[in-house]
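Residues per chain, in single letters:
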Amino acid sequence: MRFVVFGGAGDMGSRAVRELARTPGVAQVTVADRNLEAARSVATAAAEEAAPGCRVVAEAVDILAPGAAAQLMAAHDVAMGAAGPFYLLEEPLARAAIEARRPYISLCDDHDAARRVLELDEPARRAGVTILTGLGWTPGLTNLCVRHAAQRMDRVEAAHIAWAGSSADSRGWAVVLHTMHIFSGRVTSFAAGRWEEVAAGTGAERVEFPPPLGAVTVFHVGHPEPVTLPRFLPGLQEVRLKGGLAEPALNRLAVTFGRWGLMATHRRRQRLGAVLKPLLPLLERVGAPSRPASGLVVRVRGRVGAQVAERSYRAAAPMASLTAVPLALGAFWMAQGRIEGPGVLAPEAPGGPDPEAFFQELAERGVVVDREP
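Throughout what follows, the structure given in this document is the object of discussion. Since we're looking at a predicted model, the values are computed, not measured. (Residues numbered from 1 in each chain as written. Predicted model: local features only at pLDDT ≥ 70, side-chain atom pairs only at ≥ 80, totals over all residues. Heavy atoms only, no water.)

As for the sheet that holds strand β3 (residues 55-60)
Alright, step 1. Sheet architecture is open: seven strands sit in the order β3-β2-β1-β4-β5-β6-β15, paired in parallel fashion. The two strands at the open ends of the sheet, each matched to only one other strand, are β3 and β15 (343-345). Within this sheet the neighbouring strands show an average axis-to-axis angle of 20 degrees, counted without direction.
Alright, step 2. Judged from the four bridges that link them, strand β1 (residues 2-6) and strand β4 (residues 78-81) form a sheet pairing that is parallel. If you follow V5 over to β4, its bridge partner there is M80. (Pairing = 2+ DSSP bridges. Helix = DSSP H or I, 4+ residues; strand = E, 2+ residues; numbered from the N terminus. Axes fitted to C-alpha atoms, helices over the stretch in contact; angles between N-to-C directions.)

This is the structure in structure tokens:
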């Protein structure tokens, strides 16, 4: 099994590289990144802890250069997308996978990017290619929680998803751009059986997350779950997705800057990010949890017979573990034929990972999702 990880030198990509390299049966992991020096550093470190017989190599790649990503994908069995921001890079990588006729799995966490990739379903089917978009922490684990609940109900009706992340958990440039993007403009939600656009940064709600996060204020933000869950889980009438930063000062700044329109375009995000990034270590100290962590709380309501049924799911861990370990495991399952296509899938789609088996294997890799009841 040969894997290529685009964005493999980044915070999330490098963790996925390490996880795959340690997995028996993996022959090669290629760290593909525009920063070749950083890619080589990640490859060297991963090789030191790799399973016997696994090579870890580095390749320089410009994802937006015509044919570059497809050419690299063609030399591997599975391509993985950990290169952000996904509102710029997810669609080009998905199109490259179709061109190369190779399966592709990603961390895509932008609602608009997910919508554009779903539109590639027919070209992917014609090419016989499976594309699984958004198998990380959120989306990813959150989607699988909803599917897990739906499999135990006669009818699933509502899913309320909340996430909280520590800025100090990942200071990568792509994460900064993504955060500014999802707190900007109008974002997708799903209520009363139809999609709607709501203002990002509205709908403030206090949610209790597992330690060390505790209570965090979350808001409507632009994530893919409301885009994909109603498509693949018929019967859902409501999908509410809210997220927030564990550091209160940064949470307030994200909402305020979003309302002022300071993060409305990629260029504005780049300019604002360049100013804010040096200040993050100081801002992160204000009201922060005892240690950096990220988490999820998912509540699902439906029916079993005539009775109302409810299930809840919780998890907290370092962001890289919550995000990159599911990506690595999903890519391994894809190589094994345990994810069925062709076409464009989200994690909750028929053909996607079986939630209970996936949760069990994640636990063996140190990522635990608590399920109640």
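Regarding the packing of aromatic side chains
Alright, step 1. Taken as a whole and assessed by the stated rule, the structure comprises five aromatic pairs.
Alright, step 2. Ring centres of F183 and F219 lie 6.3 Å apart, and the angle between their planes is 65 degrees; on these two criteria the pair is classed as edge-to-face. With F183 in the loop between α8 (173-182) and β8 (186-191) and F219 in strand β11 (residues 214-220), this residue pair connects regions lying 36 residues apart in the sequence.
Alright, step 3. Note on F183: relative accessible area 1%, which makes it buried.
Alright, step 4. Assessed through its relative accessible area of 9%, F219 is described here as buried.
Alright, step 5. Summarising the aromatic geometry, the rings of F257 and W260 are spaced 6.2 Å apart at their centres and angled 50 degrees between planes, so their arrangement reads as tilted. Of this pair, F257 and W260 both sit in helix α10 (residues 248-260), three residues apart, which is roughly one turn of the helix.
Alright, step 6. W260 gets classed as exposed once you look at its relative accessible area, which sits at 61%.
Alright, step 7. Note that R269 overlies the ring of Y87, its terminal NZ or CZ placed 4.8 Å from the centroid.
Alright, step 8. Directly above the ring of W333 sits R338, whose terminal nitrogen or CZ lies 3.7 Å from the centroid. (Phe/Tyr/Trp six-rings, centres within 6.5 Å; stacked < 30°, edge-to-face > 60°. Buried < 20%, exposed > 50% of the residue type's maximum accessible area, 1.4 Å probe, protein only. Lys NZ or Arg CZ within 6 Å of the ring centre and 35° of its normal.)

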